[in-house]
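# Observations on the three-dimensional arrangement
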Number of protein chains: 2
Amino acid sequence: LSERFAQRLGEAVAQRESQIVLGLDPDPSALWPEAGGADAPAVARHCRAVIAAAGGACVAIKPQLACFERLGAAGWAALEETVAAAHEAGLLVIADGKRGDVPVTATAYAQALAALGADAFTANPLLGRDSLEPLLASERGVFVLVRTSNPGAADVQDLELASGGPLWERLARLVDELCGEGAGLADVGAVVGATRPEHLQRARELMPRAVFLLPGVGAQGGRVEDLAPAFAAGRAAGLVTASRAIVGAYREDGDDPGAAALAAAEHLREAAWSLSA
Amino acid sequence: LSERFAQRLGEAVAQRESQIVLGLDPDPSALWPEAGGADAPAVARHCRAVIAAAGGACVAIKPQLACFERLGAAGWAALEETVAAAHEAGLLVIADGKRGDVPVTATAYAQALAALGADAFTANPLLGRDSLEPLLASERGVFVLVRTSNPGAADVQDLELASGGPLWERLARLVDELCGEGAGLADVGAVVGATRPEHLQRARELMPRAVFLLPGVGAQGGRVEDLAPAFAAGRAAGLVTASRAIVGAYREDGDDPGAAALAAAEHLREAAWSLSA
């Protein structure tokens, strides 16, 4: 890789005028009709079709590794094919596996995600700093879970610490430490759910140099209009992920899947771009 | 699956007179010589040879998914072959991927691990209760991370909560809630590192019905003699995992890899079995 992730991301956002990340969570029983099947090759065809249709309004794809792994070795091959299709279309790839393990195993995960050709990946910080450092050493982007968008997130991430503040703020401080000193965006980012906008302002204060990966817009109830604090550190500082809202748009519009996906992605792209102007 | 995981585990432990879990973390550059290579098929041959040599002293294998994923689709095929070899040898399979995600994705992970044929898997609880429930619904065993064996575990898992006690004790209480009321071992277990024996007694108090998966013996400094509290709930209530200590034993003994692995596994088996008598 010739440049740091944050630099490549910044250039891609400016060039494509988009902060939208196309989430790919393929369900074999609900692929686009043109995929013609429900097996791993059909999943690959589906993902390729979604990228061809909506990729022009996006800056990256975010394949959900679980959805490919459930198809076994053939599913992993479909994932590899999807990564290749994204790169051919000029899109970055954020592998969403939320990995986290002891250092020797974290190194193996970094190797796995590098072998896949991912430009960045998501990581779980429960095992602490030494579990994240091998991922950072890969020289790819690492988005650390800080405050997720599911209701159960409150069970653990919102627990109040004796030292003050909820656990997720402590995770945010850990991310900020990993970002290090310096100017501009860091290669370490944070996953911050878009479903609780009151968290975004605080998260930005705690992590001024982190790129935020923002799930939860659309199907989970988050709204683009609430994301302004994420963009305070620059246009590339907030990446809005959407999967069902784009890939499944035709189910509500009764339109052609590709045309509906492009329209939905373009709608999100314009909303985020104008908000961050 | 005709029986609950805890029941199958209890029967297997009694029948095989072993609580040892054979960790398989294959490094392509350090396979047994008989594997004859460094690619994914060689990894599968290596794992098959390790199982054939040392499996007789063990009750389960624990493949480290990262180590297979770094070889791509062919690596996932090697993982599938390893699972099959373990089942042919009468061993249970604990897929170690430490997965954790929002409910819809957790369901996909449960499907992935079921498709793989795993009898149980490891899970990360940072996303809260709703991220674990889909894994439990799979009717397989789920070992939830509570206190891991790496030095960095202290960064997050040992944080003191405002309500009292460290975060890992709160995670232990969540595991106990998921275990539910009743007698005997539950299908929900806990990963508790063997490197800090002072945690084991407290963990057992908090999770009386959970099977403990105990990493860290051997290479990481944990000692079998310190594991007694884990076995207080019965012989099947503590599973001692070892990988380098078994698979790499020949590097210190200068012996045949298979003979050294069997001797190391048998040594651990006897130590744990006599301790839990």
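Preceding block: the structure.
Small disclaimer: the values here were computed from a predicted structure and weren't measured.

Conventions used here
- Residues numbered from 1 in each chain as written.
- Chains lettered and ligands numbered in written order.
- Predicted model: local features only at pLDDT ≥ 70, side-chain atom pairs only at ≥ 80, totals over all residues.
- Heavy atoms only, no water.
- Least-squares fit on C-alpha atoms with pLDDT ≥ 70 in both.
- Contact = heavy atoms within 4.5 Å.
- Buried area = accessible area lost by both parts, 1.4 Å probe.
- Salt bridge = Lys/Arg side-chain N within 4 Å of Asp/Glu carboxyl O.
- Polar contact = N/O pair within 3.5 Å; in protein donor to acceptor, adjacent residues only side chain to side chain.
- Phe/Tyr/Trp six-rings, centres within 6.5 Å; stacked < 30°, edge-to-face > 60°.
- Helix = DSSP H or I, 4+ residues; strand = E, 2+ residues; numbered from the N terminus.
- Buried < 20%, exposed > 50% of the residue type's maximum accessible area, 1.4 Å probe, protein only.
- Lys NZ or Arg CZ within 6 Å of the ring centre and 35° of its normal.
- Pairing = 2+ DSSP bridges.
- Axes fitted to C-alpha atoms, helices over the stretch in contact; angles between N-to-C directions.

Each copy of the chain is related to the other by a rotation around an axis and a translation along that axis. For these two chains of identical sequence, chain B goes onto chain A by a turn of 180 degrees and a shift of 0.0 Å along the axis, with RMSD 0.0 Å. Here the symmetry operator amounts to a two-fold rotation axis. A share of 100% of interface residues in chain B that are also interface residues in chain A marks the association as one of identical surfaces.

On the side of chain A, 48 residues touch chain B, which itself brings 48 residues to the contact. Interface of chain B and chain A: buried area, both sides summed, is about 4000 Å²; carbon and sulfur atoms make up 61% of it. Considering only the side of chain B, the residues that lose the most area to chain A are Arg 70, Leu 126 and Leu 127 of chain B, jointly responsible for 16% of the buried surface there. The interface formed by chain B and chain A contains four salt bridges. In this structure, the salt-bridge partner of Arg 99 of chain A is Glu 69 of chain B, at a minimum N-O distance of 3.1 Å. One can count 27 residue pairs in polar contact (both at pLDDT 80 or more) joining chain B with chain A.

It is worth spelling out the packing of aromatic side chains at this point. Residue and element names in this part refer to chain B. Following the criterion strictly, the structure yields five aromatic pairs over all chains and no others. Seen in terms of ring centroids, Phe 5 and Phe 143 are 6.0 Å apart; in terms of plane orientation they differ by 90 degrees. Their pairing is edge-to-face. Of this pair, Phe 5 sits in helix H1 (residues 5-16) while Phe 143 sits in strand S5 (residues 141-147); the two residues are 138 residues apart in sequence, bridging distant segments of the chain. Look at Phe 5 and you get buried, because its relative accessible area is 1%. The cationic tip of Arg 235 hangs over the ring face of Trp 273; the distance from NZ or CZ to the ring centre is 3.7 Å.

This brings us to the sheet that holds strand S2 (residues 60-63) of chain A. Strand pairing in a sheet takes place through backbone hydrogen bonds and is either antiparallel or parallel in direction. Residue and element names in this part refer to chain A. The eight strands lie next to each other as S1-S2-S3-S4-S5-S6-S7-S8, forming a closed barrel whose pairing is parallel. Each neighbouring strand pair of the sheet contributes to a mean axis angle of 30 degrees, computed without reference to strand direction. Bridging between strand S4 (residues 120-123) and strand S5 (residues 141-147) involves four bridges; their strand directions are parallel. Bridging across to S5, Ala 120 finds its partner in Gly 141.

What follows concerns the pattern of salt bridges. According to the stated counting rule, one finds 38 salt bridges over all chains in the structure shown. Across the pair Glu 266 of chain A and Arg 269 of chain A runs a salt bridge whose closest N-O atoms are separated by 3.0 Å. In this pair, Glu 266 of chain A and Arg 269 of chain A both sit in helix H12 (residues 257-275), three residues apart, roughly one turn of the helix. In this structure Glu 266 of chain A comes out as partly exposed when scored by relative accessible area, which is 26%. Note that Glu 81 of chain B is salt-bridged to Arg 48 of chain B, the shortest N-O span being 3.8 Å. Within this pair, whereas Glu 81 of chain B is found in helix H4 (residues 72-88), its partner Arg 48 of chain B is found in helix H2 (residues 40-54), the two being separated by 33 residues in sequence. Take Glu 81 of chain B: its relative accessible area is 37%, and that puts it in the partly exposed class. Arg 48 of chain B gets classed as partly exposed once you look at its relative accessible area, which sits at 33%. Each of Lys 62, Asp 96 and Lys 98 of chain A together with Asp 101 of chain B takes part in salt bridges that share partners, so that together they form one network.

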